[in-house]
Amino acid sequence: MDLDRLCTSRVVIVAGKGGVGKTTASAALALAAARSGRSVLVVEIEGKSGLAAMFGHDELGYEARDLAPGIRARTLTPDDALIEYLQEHALGRLSRRLARAGAVDMVATAIPGMKDILVLGKVKQLERADPADLIIVDAPAAGHAVTFLLSPAGLHDAVRAGPIRSQADDVIDLLTDGSRAQVMLVTLPEETPVNELVDTAFTLEDRVGVKLAPVVINGCLDHAPPDVSAEELADAARAADLPITPSDIGALVAAARFRAARVTNEREQIERLARRLPLPQIQLPFLFTAAIGPDDVRVLADALAAPEPHG
Amino acid sequence: MTGFASVLDDAHVILCCGTGGVGKTTTSAALALAAARRGRKTVVVTIDPAKRLADALGLSSLTNQPTTIDRALWDPEATAPSTGQLSALMLDVKHTFDGLVQRYSDTPEQATRILENRVYMNLAGALSGTQEYMAAEKLYELHDSGTFDLIVVDTPPSRHALDFLDAPDRLLRLLDNRLFRVLMGSTRTGLKVASSALHRLFRTIARAAGPEVIDDVVLFLQAFEGMEAGFRERSEQVVALVEDPATQFVIVTTPRTEAIAEAEYFADRLADDGHTVAGLVVNRVHPEFGGPPPELARAWAERVPDSPLAEHLVNLADFAQVAARERALVSTVGDRVGAQHSASLAFLPSDVHDLTALRRVASALLAP
């Protein structure tokens, strides 16, 4: 998809259920954007997600570091955000001690959504102060993502005045302004992830009022090998003088059937998603690997920024 | 690789651990079903099943009490021993917590004061670990009822593998912390420093979020006064149950680097705490089809360019390659977790959302 269509806002929050490849999608978007000349900051909300490894680096920290040309990344955990807030509000070095003593847990419990609002408040601060053209936020796994993004509205209702209230209001302004922030939802072409994505999408639109970017569908096999018989395969092998045994042919047929069954299911789910959620889709290819590395991120970035086949 | 039969026959509790998206709920349900088919009276505690699986288990809403599943659904051929029984429940965190409060409050008035406190009402959503704590509490209740031979718990998906075990401590720490004692008017000199820090914290919160927040906290802590001992005792009982040799851990994972790293972290933490991993379940494993090795298949494909045969050869090579990578990953985790039993479950073309599919998963878990 044309990146200008994808990156219509400076902040893109990437959200999805655990295991759907949210971080993979964040990495692909970061690389595609960097290649188009944008400077990118990726913000990891949950710490160790494997993002750094996808670019061939070690773990990330609270300070932004370079991952690749044009791409910086950092973590932003709720605990860090809360401690930073307390430090900035006159508690100084006591903050860490209070955190250890459990007092911070109590504060977070007394003010639900407090940690989330601080994280989002920090994102808003980055939007204002960081030089990056694009800020990608790798959100917590859904349903946490819903709670996370609903927190400002909840606080707006619960807290009547003061800095937390104005923080919540500022974050609501950010989230409801489609020219500033969008949510990019990620899923797999499977039944349960699709259902969860649809639920999340409607909740976010209705209750947060956030603009949804095109949906990313990870792990698409796209097509199966042509449907030809074992005899035709054997004939073709003989004609090319390949020493293929009947058991090799059996393996070819079995692998093709396995893929065809998955492709059938995949297409059904992609169509079902399109019917239930009228958003543009970006399909990223299934990668025949067990660990996503820099080469794989390049393949995904190509696919993400590829021209659309139709409309 | 050995099947799970002996774990299913001997354990009283099976805790399924793993991160989100690895098929933990399905695996837990399948283990419970397999145990029921082996004649055990089994209950599975699920946390957040996908809707269709929940429907299949008869859990159309949060039940919080075990629902017995019709025998015809999990044993249609009627081959299982008659002692076998399968029940399921979906954890209702709030309801379980309310039950604990009611159990340990001295008077109904105390219970009401807590249940209606705003901080208490937020606790379930805001304090990380509450879900885990309530899952542990539910486990203990089921154990204590003496109704079941085997309790299979689908632990909440957590970033940090063993939150489930740490959870009771977190709540106790909250109730037991210095904040509590300071607010309750303790004048012990050792608390002076903490006290001044806390007053500054409170001033900050009051300025940031309004003074009523502090009032809520004070009321909450006051309401809990005297219940701490009961909570602590219960927590110790839960810990003892988890440490009992008849409690077994099963790690659920997928053959992806991140999931495997988490599984290893889990296993290490369990080992640190003196637990052993009884089983390892690797979900979504690609099948192996045999045939030529990937390099040869690709070389052959180049000799028949742009043909259907070439596409088939590349397809086979792709799957062989991913299967080999998965095998390598899984073999290291198998050694590392020291699991006595492990099972690999094939990548299924569609989701497991009925009992027929669940029975197939259960059979695969028992396959030697």
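Here the structure is a predicted model, which means the values were calculated and not measured. (Residues numbered from 1 in each chain as written. Chains lettered and ligands numbered in written order. Predicted model: local features only at pLDDT ≥ 70, side-chain atom pairs only at ≥ 80, totals over all residues. Heavy atoms only, no water.)

1. Some points on the overall build of chain A
As a reminder of what qualifies: Helix and strand assignments come from DSSP, with helices taken as H or I runs of at least 4 residues and strands as E runs of at least 2, each series counted from the N terminus. Accessibility here uses a 1.4 Å probe with only protein chains present; expressed as a share of the type maximum, an area under 20% marks a residue as buried, one over 50% as exposed, and anything in between as partly exposed.
For chain A, the helix and strand inventory stands at 13 helices and nine strands. Within the span of chain A, comprising 311 residues, buried residues form 56% of the whole.

2. So, the pairing of strand β2 (residues 40-44) of chain A
Each regular strand displays side chains that alternate between the two surfaces of the sheet. Residue and element names in this part refer to chain A. Put simply, the rule reads: When DSSP finds two or more bridges between a pair of strands, those strands are recorded as paired.
Across the five residues that make up β2, a large majority, five, are buried. Of the two faces of β2, the one carrying Val40, Val42 and Glu44 and the one carrying Leu41 and Val43 are both buried. Strand direction decides the pairing type here: β2 and strand β4 (residues 71-75), joined by five bridges, are parallel. Paired with Glu44 across the bridge in β4 is Thr75. Pairing of β2 with strand β5 (residues 134-138), which is carried by five bridges, proceeds in the parallel orientation. The partner of Val42 across the bridge, within β5, is Ile136.

3. Quick look at the sheet that holds strand β7 (residues 277-285) of chain B
All names here are of chain B. In plain terms, the rule: What makes two residues a contact is simply this: any of their non-hydrogen atoms within 4.5 Å. For helices, the fitted line uses only the C-alpha atoms of the stretch in contact; every axis is such a line through C-alpha atoms, and the angle between N-to-C directions lies from 0 to 180 degrees.
The strand order across the open sheet formed by eight strands is β3-β4-β2-β5-β1-β6-β7-β8, and the pairing between neighbours is mixed. The sheet is open, and its two borders are formed by β3 (67-68) and β8 (341-346), each paired with just one other strand. Judged from the five bridges that link them, strand β6 (residues 247-253) and β7 form a sheet pairing that is parallel. Looking at β7, one finds that Phe249 is bridged to Val277. Along the sheet, helix α8 (residues 130-145) makes contact with β1 (13-17), β2 (41-46), β4 (85-90) and β5 (150-154), crossing β5 at roughly 170 degrees.

4. Overview of the packing of helix α2 (residues 24-37) of chain B against helix α17 (residues 355-366) of chain B
Residue and element names in this part refer to chain B. Heads up, the condition is: The scheme is simple: roughly parallel for angles under 35 degrees, roughly antiparallel for over 145, roughly perpendicular for 65 to 115, oblique for anything else. Only Asp, Glu, Lys and Arg are considered charged in this grouping, and only Ala, Val, Leu, Ile, Met, Phe, Trp, Tyr, Cys and Pro are considered nonpolar; every other residue, Gly among them, is considered polar.
Where α2 contacts α17, the axes come no closer than 8 Å and their chain directions differ by 75 degrees. Judged by the angle between their axes, α2 and α17 are roughly perpendicular. Residue-level contacts link Thr26, Thr27, Ala29, Ala30, Leu31, Leu33, Ala34 and Arg37 of α2 to Leu355, Leu358, Arg359, Val361, Ala362, Leu365 and Leu366 of α17. Considered class by class, the residues forming the contact of α2 with α17 number eleven nonpolar, two polar and two charged.

5. Some remarks on the confidence of the model for chain B
Residues and elements named next belong to chain B. Quick note on the threshold: Looking at any residue, its pLDDT shows the predictor's confidence there, from 0 to 100.
On average, residues of chain B score 82 in pLDDT, and 82% of them are at 70 or above. The weakest mean pLDDT in chain B belongs to helix α10 (residues 178-183) at 55; the strongest belongs to helix α15 (residues 294-303) at 97. In the predicted structure, residues 186-193 sits below a pLDDT of 50 and forms six contacts with residues beyond four places in sequence or in another chain. Model confidence for the complex: the whole-complex pTM is 0.86, and ipTM, which rates the interface, is 0.88.

6. A word on the pairing of β1 of chain B
All names here are of chain B. Within β1, five of the five residues are buried, leaving the element largely enclosed by the surrounding structure. Residue alternation in β1 divides its side chains into two sets, Val13, Leu15 and Cys17 and Ile14 and Cys16, and both sets are buried. Taken together, the five bridges between β1 and β6 define a ladder with parallel strand orientation. The residue of β6 that forms the bridge with Cys16 is Val250. Sheet analysis places β1 next to β5, joined by four bridges and oriented parallel. In the sheet register, Ile14 faces β5, and the bridge partner there is Val152.

7. Some remarks on the side chain of Arg234 of chain B
Residue and element names in this part refer to chain B. Here is the rule: Identification of polar contacts relies on pairs of N or O atoms within 3.5 Å, with a donor-acceptor requirement for protein atoms, meaning one able to donate a hydrogen and the other able to accept it, and with residues adjacent in sequence counted only if both atoms are side-chain atoms.
Topologically, Arg234 is positioned in helix α13 (residues 228-243). One polar contact links Arg234 to Glu137, side chain to side chain, over a distance of 2.7 Å. Non-local contacts of Arg234, meaning those with residues more than four positions away in its chain, are made with Leu100, Arg103, Tyr104, Glu137, Tyr140 and Glu141.

8. Considering α8 of chain B
Residue and element names in this part refer to chain B. Put simply, the rule reads: In a helix, the anticipated span is given by 1.5 Å times the number of residues less one.
For α8, with 16 residues, the first-to-last C-alpha span of 22 Å sits near the 22 Å given by 1.5 Å per residue. Residues of α8 that are buried: Thr130, Glu132, Tyr133, Met134, Ala135, Ala136, Glu137, Lys138, Leu139, Tyr140 and Leu142. Of the residues trailing α8, Gly146 is marked for its positive phi of about 70 degrees.

9. A few points about unusual backbone geometry
Residue and element names in this part refer to chain A. Backbone geometry places Asp241, a non-glycine residue, at a positive phi of 65 degrees. By the element assignment, Asp241 lies in the loop between α11 (230-239) and α12 (246-276). Residue classification places Asp241 among the exposed residues on the basis of a relative accessible area of 62%.

10. Quick look at the packing of helix α5 (residues 93-104) of chain B against α13 of chain B
All names here are of chain B. We apply this condition: By convention, the crossing between two helices is left-handed when the near helix turns anticlockwise from the far helix through less than a right angle, and right-handed when the turn is clockwise.
It is at 9 Å that the axes of α5 and α13 come closest, and there the two elements cross at 120 degrees. Put simply, α5 runs oblique to α13. Note on packing geometry: the crossing formed by α5 with α13 is right-handed. Seen from α5, the contacting residues are Phe97, Leu100, Arg103 and Tyr104; seen from α13, they are Gly230, Phe231 and Arg234. Grouping the amino acids of the contact of α5 with α13 by side-chain chemistry returns four nonpolar, one polar and two charged.

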